[in-house]
Amino acid sequence: MMTELSLVIPSYNEEAVLPETASRLVLLLKRLIADHMISADSRIYFVDDGSRDRTWELIETLHASHDMIRGIKLSRNHGHQNALLAGLLTVPGDVVISLDADLQDDIEVIPAMLAEHRNGAEIVYGVRKSRASDSLFKAYTARKYYQVLRYFGVEIVPDHADYRLMSRRALIELGNFHEVNLFLRGVIPLLGFKTAKTYYERHPRFAGQTKYPLHRMIALAFDGITSFSSVPLKWITWLGGLISFAAMLTGAWALIIKLFTDAAIPGWTSIVVPVYFLGGLQMLSLGIIGGYLAKIYSETKHRPRFIIEKTL
Ligand code: UDP
Ligand code: MG
């Protein structure tokens, strides 16, 4: 039984690269089919994420000339992560590989990914060898971001974006994660199973423009933290506690001035002490409420509490 491979490619306003991407992928799949690495019914699925250019028309044309090329059209722009998920959870195949439409992910490592899967890996991560094709700013912020995530206890694979192979097994389990604020890079390591990494050089974008301007990068980074960690809420509690303590000291100091010197300005103590104290108390309460909120938040996500890998 040969592996049926599906490629999933989220595409948003990618008319500039799509024909090139499609023809390179078709060549690759034909080669893999000829080498008996994948079955002849392997397919390429472009997920059109509500593009406003001719992306969908292009997909239709490509499908008309190559049966191998398929399309999934989303009702509107749902964002990269959701477009990816839509593909992952709907396409058939024993093995699904997700990659970007812009040819940044070197498609020549796909055979290596398939080999790792044959060796038993249910998930194979494509990991970048270097960040040479990134701006200094992006490389620096990415490195810092991975440190922050680790500090917050979020387990992700450094220098891995969304170029990965997943087996049907892993995909079924992924379907049990119901989070709305999706950050696949954080969710997938939670699946467990045997995993592997393949290394590749990330190219600059083949054509077109990045769909991740700074504000979207920040939004994704924020999702990555708040979807996986309640550490920031704990910070609020600590801050509140600290301010309350400082307020008590200030209060004591103000009382001393009032009772033991004649430097006190009338009314000052009675205003300043409650202001500090209440401020601290409010912070503290917010932190505690935040603690409960964090619980409700993780409950409403309905994540599976465990995943059974084998039964006898
Ligand atoms: N993408 C998408 N929906 C969006 C934004 C991006 O499907 O709302 C796709 C895009 O077409 C590309 C991939 O996500 O295939 C990664 O985007 P991009 O290459 O612009 O990001 P970068 O590589 O610059 O981080
Ligand atoms: Mg890109």
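What counts and how
- Residues numbered from 1 in each chain as written.
- Chains lettered and ligands numbered in written order.
- Predicted model: local features only at pLDDT ≥ 70, side-chain atom pairs only at ≥ 80, totals over all residues.
- Heavy atoms only, no water.
- Donors = N, O, S within 2.8 Å, 3.2 Å for Na, K, Ca; no water.
- Buried < 20%, exposed > 50% of the residue type's maximum accessible area, 1.4 Å probe, protein only.
- Near = heavy atom within 4 Å.
- Polar contact = N/O pair within 3.5 Å; in protein donor to acceptor, adjacent residues only side chain to side chain.
- Areas by Shrake-Rupley, 256 points an atom, 1.4 Å probe, with all protein chains shown as cover.
- 1 Å grid on protein atoms, 1.4 Å probe; cavity = no way out; pocket = protein on both sides within 12 Å on 5 of 7 lines; lining within 4 Å.
- Sits in = over half its atoms within 2 Å of the grid points.
- Nonpolar A, V, L, I, M, F, W, Y, C, P; charged D, E, K, R; others polar.
- Axes fitted to C-alpha atoms, helices over the stretch in contact; angles between N-to-C directions.
- Helix = DSSP H or I, 4+ residues; strand = E, 2+ residues; numbered from the N terminus.
- Parallel < 35°, antiparallel > 145°, perpendicular 65-115°, else oblique.
- Left-handed = near helix turned anticlockwise from the far one by under 90°.
- Contact = heavy atoms within 4.5 Å.

(A) Highlighting the coordination of the magnesium ion (ligand 2). The protein atoms that coordinate the magnesium ion (ligand 2) are D102 (OD) and Q104 (OE1), at distances spanning 1.9 Å. We classify Q104 as buried; its relative accessible area is 13%.

(B) View of the site of ligand 1. Taken together, 19 residues lie around ligand 1, and E14, D49, D102, T210 and K211 are the ones closest in. Between R202 and ligand 1, the recorded distance is 3.0 Å, taken from a side-chain N or O atom to an oxygen atom. In isolation ligand 1 offers 540 Å² of accessible surface; the protein chains occlude 95% of this area. Here ligand 1 is seated within the largest pocket. Taken together, the residues that form the shell around ligand 1 break down as four nonpolar, six polar and nine charged.

(C) A look at the packing of helix α5 (residues 136–151) against helix α8 (residues 214–226). Two elements in contact, α5 and α8, have axes whose closest approach is 11 Å; the angle formed by their N-to-C orientations is 15 degrees. Compared by their axis directions, α5 and α8 come out roughly parallel. Between α5 and α8 lies a crossing of right-handed hand. Residue-level inspection shows F137, K138, Y145, V148 and L149 of α5 in contact with α8, the latter providing L214, M217, L220, A221, G224 and I225.

(D) Looking closely at the packing of helix α1 (residues 18–34) against helix α4 (residues 110–118). It is the contact of α1 with α4, at a shortest axis distance of 11 Å, that shows an interaxial angle of 45 degrees. Here α1 is positioned oblique relative to α4, judged by the angle of their axes. In this structure, the crossing between α1 and α4 has a hand that is right-handed. When α1 is examined against α4, the residues L28, R31 and L32 are found in contact with a partner set consisting of I110, P111 and L114. Along the lines of polarity and charge, the residues of the contact of α1 with α4 split into five nonpolar, no polar and one charged.

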